[in-house]
Amino acid sequence: MNIVLLEPEIPQNTGNIGRTCCATGTKLHLIEPMKFRITEKNLKRAGMDYWKDLDVVIYDSYNDFCKQNPNAKIWYATTKAHQKYTDVEFGPDDFIMFGKESAGIPEEILVEHEETCIRIPMNEDIRSLNLSNSVAIVLYEALRQQNFAGMQDAGELHRLEWK
């Protein structure tokens, strides 16, 4: 799977998302301009010591991202979509794009891709969920649909053993 952040603004969100990507074997794509530098301590703190293991690509712009991924199937996560994220079938190589925290994905992009826009249901008086939470919700549904391919089957206790 691939997670795409279009112009992220909050380093802690990007760090948390990076950690989730490491935990799931997901590639992270970051599209400039970002409101922080990739070396910022808050970004690395949120990603903990996993940031060095993250498979991450940074693009100069949305157009640069599109040029470098010409055949990508992209799902656009937005509160404005007609279909829910649980209504679609994700493929193992799909891209799921999330917009910047303050404004989401620009409507100019959304209207060009209406059939692949998805949303997370929520109460109508709430504007949006936290970006890192949204990524986790949609990514884990996509991975569930792939039967969590390549991920560990069971956890282990640290001090004791399961019966």
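Basis of the calculations
- Residues numbered from 1 in each chain as written.
- Predicted model: local features only at pLDDT ≥ 70, side-chain atom pairs only at ≥ 80, totals over all residues.
- Heavy atoms only, no water.
- Helix = DSSP H or I, 4+ residues; strand = E, 2+ residues; numbered from the N terminus.
- Rg over C-alpha atoms; globule rule 2.2 N^0.38 Å.
- Buried < 20%, exposed > 50% of the residue type's maximum accessible area, 1.4 Å probe, protein only.
- Contact = heavy atoms within 4.5 Å.
- Areas by Shrake-Rupley, 256 points an atom, 1.4 Å probe, with all protein chains shown as cover.
- Lys, Arg positive; Asp, Glu negative; His and termini not counted.
- Charge placed at Lys NZ, Arg CZ, Asp CG, Glu CD.
- Patch = residues over 30% accessible without salt bridge, like charges linked within 9 Å, V, L, I, M, F, W, Y side chains within 5 Å.
- Salt bridge = Lys/Arg side-chain N within 4 Å of Asp/Glu carboxyl O.
- Core = buried A, V, L, I, M, F, W, Y, C linked by side-chain atoms within 4.5 Å.
- Axes fitted to C-alpha atoms, helices over the stretch in contact; angles between N-to-C directions.
- Parallel < 35°, antiparallel > 145°, perpendicular 65-115°, else oblique.
- Left-handed = near helix turned anticlockwise from the far one by under 90°.

Asker: So what exactly am I meant to see when it comes to the overall build of the chain here?
Answerer: Within the chain, the secondary structure is distributed over five helices and seven strands. Listed by position from the N terminus, the elements making up the chain come as β-α-β-α-β-α-β-β-β-α-β-α. The globule rule puts the C-alpha radius of gyration for 163 residues at 15 Å, and the 16 Å found for the chain is close to it. By its C-alpha atoms, the chain is 55 × 35 × 35 Å across when sized along the principal axes. Burial status across the chain gives 41% buried among its 163 residues. A separation threshold of at least 6 residues defines the contact pool for the chain, and within that pool the share at least 24 residues apart is 76%. Surface summary for the chain: the accessible area is close to 10100 Å², and the carbon and sulfur share equals 46%. For the chain, the distance from the average position of its 18 positive side-chain charges to the average position of its 25 negative side-chain charges is 7 Å.

Asker: Just checking my understanding: could you explain a nonpolar patch on the surface for this structure?
Answerer: Among the surface-exposed residues, Met 122, Ile 126, Leu 129 and Ile 137 lie close enough to one another that they form a single nonpolar patch of about 280 Å² accessible area. Mapped onto the fold, Met 122 is located in the loop between strand 7 (117–119) and helix 5 (131–145).

Asker: Honestly, the nonpolar core in this entry has me stumped. Any pointers?
Answerer: Grouped together as the largest cluster of nonpolar side chains are 27 residues, with contacts concentrated most on Ile 3, Leu 5, Leu 28, Phe 90, Ile 96 and Phe 98. Elements with a minimum of two residues in this core: strand 1 (2–6), helix 1 (11–24), strand 2 (27–31), strand 4 (74–77), strand 6 (95–98) and helix 5. The greatest single-element share of this core, amounting to six residues, is contributed by helix 5. Once residues within four sequence positions are removed from consideration, Leu 5 is found in contact with Thr 14, Ile 17, Leu 28, His 29, Leu 30, Ile 31, Phe 98, Leu 131 and Val 135. The next biggest cluster of nonpolar side chains, apart from the first, holds 15 residues, and it includes Val 4, Leu 6, Met 97 and Ile 105.

Asker: Would you mind showing me how to read the packing of helix 1 against helix 5 here?
Answerer: Two measures define how a pair of helices packs: the angle their axes make with one another and the distance between the axes. Here helix 1 crosses helix 5 at 20°, and the two axes come no closer than 9 Å. Of the possible angle classes, the one that applies to helix 1 and helix 5 is roughly parallel. Here the hand of the crossing between helix 1 and helix 5 comes out right-handed. Packed against helix 1, whose contacting residues are Asn 13, Asn 16, Ile 17, Thr 20 and Thr 24, the element helix 5 presents Leu 131, Ser 132, Val 135, Leu 139, Tyr 140 and Leu 143 at the interface.

Asker: Would you mind showing me how to read the pattern of salt bridges here?
Answerer: Pairing between side chains of opposite charge can happen when the charged atoms of each approach one another. Taken as a whole and assessed by the stated rule, the structure comprises four salt bridges. One salt bridge connects Glu 7 with Lys 100, and the closest N-O pair in it is separated by 3.4 Å. Highlighted residues: Glu 7 in the loop between strand 1 and helix 1 and Lys 100 in the loop between strand 6 and helix 4 (107–110), separated in sequence by 93 residues. Residue Glu 7 is classed as partly exposed on the basis of its relative accessible area of 24%. Notably, a salt bridge pairs Asp 53 with Lys 52, separated by 3.2 Å at the nearest N-O pair.

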